[in-house]
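Letter by letter, the chains look like this.
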Amino acid sequence: MQLSHTRPVAAVRFDDPNLVATAGLVPMMALAQASGLLSLADQHLSVPTDKGANAGRKIGSLVGGMVAGADSIADLALLRHGAMGTIFDRPYAPSTLGSFLRQFTFGHVRQLDAVASRFLLGLAARTPVVAGIDTGRVLVDIDDTIIEVHGHGKQGSGYGYSGVRGLNALLATVTTDTAAPVIVGQRLRRGACGSPRGAARMVADALATVDRLRTHSTESAAESTPKVLVRLDSAFYGHPTLGAAIAAGADVSVTVRLTSTIKRAIESIDDDDAWTPIEYTDAIYDEDTDTWISRAEVAEIDFTAFASQRKAHRIPGRLVVRRIPDLRPKKDQDQGTLFDIWRFHAFFTTTDTTDLDTVTADKLHRQHAIVEQVNADLKNSALAHLPSGRFTANAAWLVCAVMAFNLTRAAGTLTHDPKLVKATTGTIRRTVVSVPARIASSARRLTLHLPQRWPWETAWNTLFDCMFGRNQPIIA
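So, a few notes on the structure that sits alongside this text. Predicted model only: the values in this text are computed from it and were never measured. (Residues numbered from 1 in each chain as written. Predicted model: local features only at pLDDT ≥ 70, side-chain atom pairs only at ≥ 80, totals over all residues. Heavy atoms only, no water.)

On to the overall build of the chain, then. The helix and strand tally for the chain stands at 16 helices and 15 strands. For 476 residues, the compact-globule estimate of 2.2 N^0.38 gives 23 Å, and the chain sits close to it at 25 Å. Considering only C-alpha atoms, the chain reaches an extent of 80 × 55 × 55 Å along its principal axes. Split into buried and exposed, the 476 residues of the chain put 50% on the buried side. Residue pairs at least 24 apart in sequence account for 67% of intrachain contacts in the chain once pairs closer than 6 positions are excluded. In the structure as shown, the chain presents an accessible area of about 23,200 Å², 51% of it carried by carbon and sulfur atoms. The positive charge centre, built from 51 side chains, and the negative charge centre, built from 47, are 13 Å apart in the chain. (Helix = DSSP H or I, 4+ residues; strand = E, 2+ residues; numbered from the N terminus. Rg over C-alpha atoms; globule rule 2.2 N^0.38 Å. Buried < 20%, exposed > 50% of the residue type's maximum accessible area, 1.4 Å probe, protein only. Contact = heavy atoms within 4.5 Å. Areas by Shrake-Rupley, 256 points an atom, 1.4 Å probe, with all protein chains shown as cover. Lys, Arg positive; Asp, Glu negative; His and termini not counted. Charge placed at Lys NZ, Arg CZ, Asp CG, Glu CD.)

What follows is the structure, encoded as structure tokens:
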């Protein structure tokens, strides 16, 4: 592509009051309002002083700005360009929204958590964002991530397991067989805290939200639905976290470290027939024998977690072990042992063998990595920065970022475009939200004039029609 020679660009003027750069915010914010975002914030938030007034509109502005791509308070100025003041009622200035966030205390952040969970219920009632949650398997993934910050000005920042200065965000996502992950729980913690800190409370809150989503689902409930499966990595292997999940009626699937206890359990699997080849890197499927020819194999053994603790803390289940040939160079080639020949990866699960056999359980547990995609998605949008020096303001920013993530996911499902239903929020933002438009007014109604031959015109119109129905404004 090169610039035109016949009609070269000769001048640029920022002088058109009828243009907007993010026309997709119109159906997005319509969905947010219909799902109760503004009314829920007004009802549950009690931020003091005049800076906390009109909490619903301010939370709506924060979420709308994040949906449009804002990753700092200064970026929220994009809500006030061109004709945005015509389409939306008096968008707030970034300084006003920053002052609002700085008034938050820990209690107000918890109030905003309540808004976020109820907002997700509203989205689920109006979109298929959690389709299948009441009929199929539900997977809850818990993970934390370090959001890097610079300098000593950020309250609570410190050096965590990643070795960089930052703050720690703990997230809980829910995924079904037919729906992409959405976030059902979030908590900002100091950067130097350990991963399990507060995880038990997060698990309990996330499973309570899943129960409410199942209750409020618009789909017909199945006679018997599988138990929720909570997946975690080895940092969360402990009785408080696993016990919270089991007390809430869920199964667990958690990676374990190769401690001496785990190694002894693996060594007890001495029968080569117990190992089953699985689909893995370099695996080949043999149609004649209906099996995989693979260097990776899995086996399982009955196992009781926390057997050395008091009886009430012991959790019976099974230990699923995956082994692959260890091709790393050995320091001492003359001294070979079991763990020099193979590399082992084990996880503990309470799922029933009749529900998930060894191979299926291993494959399902490995899919826990999907939560890393959510972390990357957030860091590619609103969580690219934590904009304030105040810890509670950043905690509120995290909750708003989660609501923007869920709103964007829900809007993607309403486009009915297979490529957008499970797309990242960055893709949805680029194709549906960041669409330039010129407004025209006639008979006290606004018409949005969008670009011709927009590649995602059908998806945009489908979303718009879902929100405005028969009385939608004219699109030219």
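Quick look at the environment of Leu78 now. As for its placement among the helices and strands, Leu78 is situated in the loop between α3 (55–67) and α4 (84–87). Using a relative accessible area of 25% as the deciding quantity, one classes Leu78 as partly exposed. Remark: the alpha-carbon pair of Leu78 and Pro91, spanning 13 residues in sequence, is separated by 9.7 Å. Apart from residues lying up to four places away in sequence, Leu78 is in contact with Ala68, Ala70 and Met84.

Glancing now at unusual backbone geometry. Of note in the backbone geometry, Thr49 takes a positive phi value of approximately 65° without being a glycine. Mapped onto the elements, Thr49 comes out in the loop between α2 (37–44) and α3. Positive phi is not limited to glycine here, since Asn54 has a value of about 55°. Residue placement: Asn54 occurs in the loop between α2 and α3. On the accessibility criterion, Asn54 (44% relative accessible area) is partly exposed.

This part takes up the pairing of strand β13 (residues 342–349). For β13, the buried fraction is high: six of the eight residues fall into the buried class. Bridge count for strand β7 (residues 251–256) against β13 is four bridges, and the pairing is antiparallel. Bridge pairing in β13 links Val256 to Ala346. The pairing of strand β12 (residues 315–325) with β13 spans eight bridges and is antiparallel. Of the residues in β13, the one forming a bridge with Ile324 is Arg343. (Pairing = 2+ DSSP bridges.)

Following the criterion strictly, the structure yields one cavity of 30 Å³ or more and no others. Taken as a whole, the largest cavity spans an internal volume of roughly 70 Å³. Lining the largest cavity are Met66, Val67, Leu378, Ser381, Ala382, Ala401, Ala404, Phe405, Thr408, Thr425 and Arg429. Counting residues per element, the ones that place at least two in the lining of the largest cavity are α3, α13 (391–414) and α15 (425–433). In terms of residues, the lining of the largest cavity owes the most to one element, α13, which gives four residues. Grouping the amino acids of the lining of the largest cavity by side-chain chemistry returns seven nonpolar, three polar and one charged. (1 Å grid on protein atoms, 1.4 Å probe; cavity = no way out; pocket = protein on both sides within 12 Å on 5 of 7 lines; lining within 4 Å. Points joined across faces, edges and corners; volume = space filled by probe spheres on them. Nonpolar A, V, L, I, M, F, W, Y, C, P; charged D, E, K, R; others polar.)

Attention shifts here to the packing of aromatic side chains. The full count for this structure, using the stated rule, is seven aromatic pairs. Here a set of aromatic residues connected by ring pairs shows up, and it is made of Trp460, Phe464 and Phe468. Cation over ring: Lys58 sits above Tyr92, and NZ or CZ is 5.5 Å from the ring centre. It is Arg323 that lies over the ring of Trp342; its NZ or CZ is 4.0 Å from the centre. (Phe/Tyr/Trp six-rings, centres within 6.5 Å; stacked < 30°, edge-to-face > 60°. Lys NZ or Arg CZ within 6 Å of the ring centre and 35° of its normal.)

Time to look at helix α1 (residues 25–34). The buried fraction of α1 amounts to eight of the 10 residues, a majority that puts the element mostly inside the structure. If you check which residues of α1 are buried, you get Leu25, Val26, Pro27, Met28, Met29, Ala30, Leu31 and Ala32. Just beyond α1, the residue with positive phi is Gly36, at close to 95°.

Moving on: the sheet that holds strand β1 (residues 19–20). Strand order in the open sheet formed by three strands is β1-β14-β15, with antiparallel pairing between adjacent strands. The two strands at the open ends of the sheet, each matched to only one other strand, are β1 and β15 (445–449). As paired elements, β1 and strand β14 (residues 437–442) share two bridges and run antiparallel to each other. Bridge pairing in β14 links Val20 to Ala437.

To continue, consider the nonpolar core. Most often, soluble globular proteins have nonpolar side chains that are buried together. Ile59, Leu112, Ile142, Trp397 and Met403 are the most contacted members of the largest nonpolar core, which totals 127 residues. With seven residues, the next largest nonpolar core counts Leu139, Leu229, Leu356 and Leu364 among its residues. (Core = buried A, V, L, I, M, F, W, Y, C linked by side-chain atoms within 4.5 Å.)

Let us now look at a nonpolar patch on the surface. Together, Val9, Val12 and Phe14 line one region of the surface with nonpolar side chains, adding up to about 440 Å² of accessible area. Tracing the sequence through the fold places Val12 in the segment before β1. Taking the relative accessible area as the measure of exposure, Val12 reaches 67% and is therefore exposed. (Patch = residues over 30% accessible without salt bridge, like charges linked within 9 Å, V, L, I, M, F, W, Y side chains within 5 Å. Salt bridge = Lys/Arg side-chain N within 4 Å of Asp/Glu carboxyl O.)

A few words on the layout of surface pockets. Looking at the largest pocket, its volume works out to about 540 Å³. Contributing to the lining of the largest pocket are 24 residues, with Met29, Gln33, Ile87, Phe88 and Asp89 lying nearest its centre. Among the residues forming the lining of the largest pocket, the class breakdown is 16 nonpolar, five polar and three charged.

On the surface, a cluster of negative charge is made up of Asp270, Asp271, Asp272 and Asp273. When you line up the elements, Asp272 lands in the loop between α9 (260–267) and β8 (276–277). Among the residues examined, Asp272 registers a relative accessible area of 57% and is labelled exposed.

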